[in-house]
Amino acid sequence: MLATDTIVALSTPVGESALAMIRLSGSLCPEIGKAISGRKKALISRQATFCKYLDINDLELDSGVFIAYPENGSFTNEAMLEIMPHGNPLIIQKLLEDLIARGCRMAEPGEFTRRAFLNGKLDLSQAEAVADIIHARSNFSLEVARRQLNGSIGHKMSELTDRLLGILAEIEAYIDFPEEDLPEASNVGPIHDLKSLIHAVDSLIETNHYSALLQEGIKTVIIGAPNAGKSSLINTLVGSQRAIVSDIPGTTRDFITSYIMLKDYRVEIIDTAGLHTAQDAIEQQGIKKTLELAQNADYYLVIVDHSQPSPSLPDSIQTVFNKKNTLVIENKIDLKSEYSQKDFLSDCPHCPISLKTNTGINAFKSAMHDLIDQGIALPKGNDAIVLNARHTVALKQARESLVKALDAVGRQELNELVAVDMRSAIEGFSQVVGKIDNEAMLDKLFQKFCIGK
């Protein structure tokens, strides 16, 4: 159902710029397009046209590019108009006041996307993806949001719903037409199909582990003994004096967080207090915090002094290191050493560097990117990835209903009870993208059975 009122909003940031964009959506757009351009005929749909902007009193306020979109052929599925005037805040204010005088009202936050959803141009998951694209902070998160906007979640929900409707249609047939000449009922088919469906839902729910990586960044903790170069490393990665560098052991007493872009990934780098036997109570608290952070990180950069003996690490922290999540950084290779670090965390890849001379830094960054890329690479193609907490909750509810239906089939309970759980699972799927058509089940039913002889 198309809205009856016409909304308007500035779609570019407030401030001075070469051009701005004002968007309108609603039934008044064709009429307003003709009036403000001074044209007798409507603007040609989807064609950029340079026009003067005439106010309600026929005074020229500005000139710019106008693009008109027809009803059923725009982002909102309503008639739309985009006006690109000069980016002067005074001009923009005058244009908005004039458009309101012509019958428009200011749009509420997200109202254009909301109308697109209500008018059937986007499903709910796609509408949410619009916000995800706007707030994306890395190529990785942008790619996931793009997939969702292109309908990856909606397509997956349609596939799962169709499979479940096929199972439900057979069960509904025996409920609604018990006296018809139907094949003898068997629970073997539904059990196999339900197990397969539950597995597919589980696989989809598991992709939620990408959520924190996209929203908060890939949490990477720098760990090492005092003066190994932890603070120098974070300053090198960030490109500024983010952490205090000193020859005095224990300078870093609390953790310092910074963010860097490592090609496609947004990485949260956490510089922690050096691990050693501390006498100072504050240092002890810092070391305790380091051990806590290490238990919840995604990746680890363990930095050692190439010129010193291999450090000893607490047993509680060594258990989290493995070749898939840890890089050992051998710093200070510019210094001569009689020691070897090859046996220190020998299963993990080692990167020799010198933060003093900037030797090996690019090779280290490449190794770090490869380690992350191997661990969290996106599923190939346009497979659906569930990041939204609402989607995850709905899918878990649907899974719970599927498990109940599977148990009911296994116990050979009444078809009516099995159907209730299946309908509940369908409701869970529909919550992800918006309500599904209730006629879909009937369509499936009559496609599979020739009833009504």
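The rules behind each value
- Residues numbered from 1 in each chain as written.
- Predicted model: local features only at pLDDT ≥ 70, side-chain atom pairs only at ≥ 80, totals over all residues.
- Heavy atoms only, no water.
- Helix = DSSP H or I, 4+ residues; strand = E, 2+ residues; numbered from the N terminus.
- Buried < 20%, exposed > 50% of the residue type's maximum accessible area, 1.4 Å probe, protein only.
- Lys, Arg positive; Asp, Glu negative; His and termini not counted.
- Salt bridge = Lys/Arg side-chain N within 4 Å of Asp/Glu carboxyl O.
- Polar contact = N/O pair within 3.5 Å; in protein donor to acceptor, adjacent residues only side chain to side chain.
- Contact = heavy atoms within 4.5 Å.
- Pairing = 2+ DSSP bridges.
- Axes fitted to C-alpha atoms, helices over the stretch in contact; angles between N-to-C directions.
- Parallel < 35°, antiparallel > 145°, perpendicular 65-115°, else oblique.
- Left-handed = near helix turned anticlockwise from the far one by under 90°.
- Nonpolar A, V, L, I, M, F, W, Y, C, P; charged D, E, K, R; others polar.
- Core = buried A, V, L, I, M, F, W, Y, C linked by side-chain atoms within 4.5 Å.
- Phe/Tyr/Trp six-rings, centres within 6.5 Å; stacked < 30°, edge-to-face > 60°.
- Lys NZ or Arg CZ within 6 Å of the ring centre and 35° of its normal.
- Expected span 1.5 Å × (residues − 1).

### A short note on the side chain of Asp62
Locating Asp62 in the fold gives a position in strand 5 (residues 60–69). For the buried Asp62, which has no salt bridge, the nearest side chain bearing the opposite charge is Lys52, at an N-O separation of 11 Å. A polar contact is formed between the side chain of Asp62 and the side chain of His86, at a distance of 2.9 Å. Apart from residues lying up to four places away in sequence, Asp62 is in contact with Lys52, Tyr53, Pro85, His86 and Ile91.

### Notes on the sheet that holds strand 13 (residues 326–331)
With respect to topology, six strands assemble into an open sheet ordered 10-11-9-12-13-14, the strand pairing being mixed. Either end of the sheet is taken by a strand with one partner, and the two such strands are strand 10 (256–262) and strand 14 (350–352). Here the strands of the sheet are splayed against their neighbours by 25° on average, with no regard to which way each runs.

### So, the packing of helix 4 (residues 124–135) against helix 5 (residues 139–149)
Think of two packed helices as two axes; the pair is described by the angle between the axes and how far apart they sit. Put simply, helix 4 and helix 5 touch, their axes get as near as 8 Å, and they point 155° apart. Here helix 5 runs roughly antiparallel to helix 4, going by the angle between their axes. Crossing of helix 4 against helix 5: the hand is left-handed. Across the interface between the two elements, Ser125, Gln126, Glu128, Ala129, Val130, Asp132 and Ile133 from helix 4 touch Leu142, Ala145, Arg146, Gln148 and Leu149 from helix 5. Taken together, the residues of the contact of helix 4 with helix 5 break down into six nonpolar, three polar and three charged.

### Considerations on unusual backbone geometry
Positive phi, normally seen in glycine, also occurs at Arg46, with a value near 60°. Checked against the element boundaries, Arg46 lands in the loop between helix 1 (29–37) and strand 4 (49–54). By relative accessible area, Arg46 is classed as exposed at 54%.

### Digging into the nonpolar core
Residues Met157, Leu164, Leu194, Leu402, Met422 and Phe429 are the most contacted members of the largest nonpolar core, which totals 33 residues. Listed by contribution, the elements that provide at least two residues to this core are helix 6 (152–176), helix 7 (188–206), helix 13 (389–410) and helix 14 (415–433). Residues in contact with Phe429, not counting those within four places in the same chain, are Met157, Leu160, Thr161, Leu164, Val201, Leu395, Ala398 and Leu402. In terms of nonpolar packing, the next biggest core, distinct from the first, is built from 30 residues, Ile234, Ile269, Ile329 and Ile372 among them.

### Focus: the sheet that holds strand 8 (residues 105–106)
Within a sheet, adjacent strands bond to each other through the backbone by hydrogen bonds, running parallel or antiparallel. Taken together, six strands build an open sheet; the order of strands is 4-5-6-3-1-8 and the sheet is mixed. Each edge of the sheet is formed by a strand with only one pairing partner; in this case those strands are strand 4 and strand 8. For strand 4 and strand 5, the ladder comprises six bridges, and the chain directions are antiparallel. Residue Thr49 lies in a different strand from strand 5, and its bridge partner there is Phe66.

### So, the packing of aromatic side chains
One pass over the full model with this rule turns up two aromatic pairs. Taking the centre distance of 6.4 Å and the plane angle of 70° together, the rings of Tyr53 and Phe66 count as edge-to-face. Of the two residues, Tyr53 sits in strand 4 while Phe66 sits in strand 5, which places them 13 residues apart along the sequence. Accessibility classification places Tyr53 together with Phe66 in one group, the buried group. Consider the rings of Tyr300 and Phe321, whose centres lie 5.2 Å apart with planes at 75°: the pair is edge-to-face. Of this pair, Tyr300 sits in strand 12 (residues 299–305) while Phe321 is found in the loop between helix 11 (315–318) and strand 13, placing the two residues 21 residues apart along the sequence. The ring of Phe112 carries the charged tip of Arg23 above its face, separated from the ring centre by 5.0 Å. Sitting over the face of the ring of Tyr259, Arg266 holds its NZ or CZ atom 4.1 Å from the ring centroid.

### Observations regarding helix 4
In this model helix 4 runs 17 Å from its N-terminal to its C-terminal C-alpha over 12 residues, within 8% of the 16 Å that 1.5 Å per residue would give. Those residues of helix 4 that sit buried are Ser125, Gln126, Ala127, Glu128, Ala129 and Val130.

### A word on helix 13
For helix 13, spanning 22 residues, the distance from its first C-alpha to its last is 32 Å, which sits close to the expected 32 Å at 1.5 Å a residue. Turning to helix 13, its buried residues are His391, Thr392, Ala394, Leu395, Ala398, Ser401, Leu402, Ala405, Leu406, Ala408 and Val409. Put simply, Asn388 is the residue that caps the front of helix 13, since its side-chain oxygen is 2.7 Å from the backbone nitrogen of Arg390. A positive backbone phi angle near 55° is found at Gln412, which sits one or two residues after helix 13.

### What to know about the pattern of salt bridges
Pairs can form between side chains of opposite charge once their charged atoms are near each other. Applying the stated criterion to the full structure yields 16 salt bridges. Residue Arg390 is joined to Glu128 by a salt bridge in which the shortest nitrogen-to-oxygen separation is 2.9 Å. Here Glu128 lies in helix 4 and Arg390 lies in helix 13, a separation of 262 residues in the sequence. Between Glu400 and Lys404 there is a salt bridge, and its shortest N-O distance comes to 3.9 Å. Of the two residues, Glu400 and Lys404 both sit in helix 13, four residues apart, roughly one turn of that helix. Taking the relative accessible area as the measure of exposure, Glu400 reaches 47% and is therefore partly exposed. The network of salt bridges with shared partners includes Asp5, Glu78, Arg105, Glu111 and Arg115.

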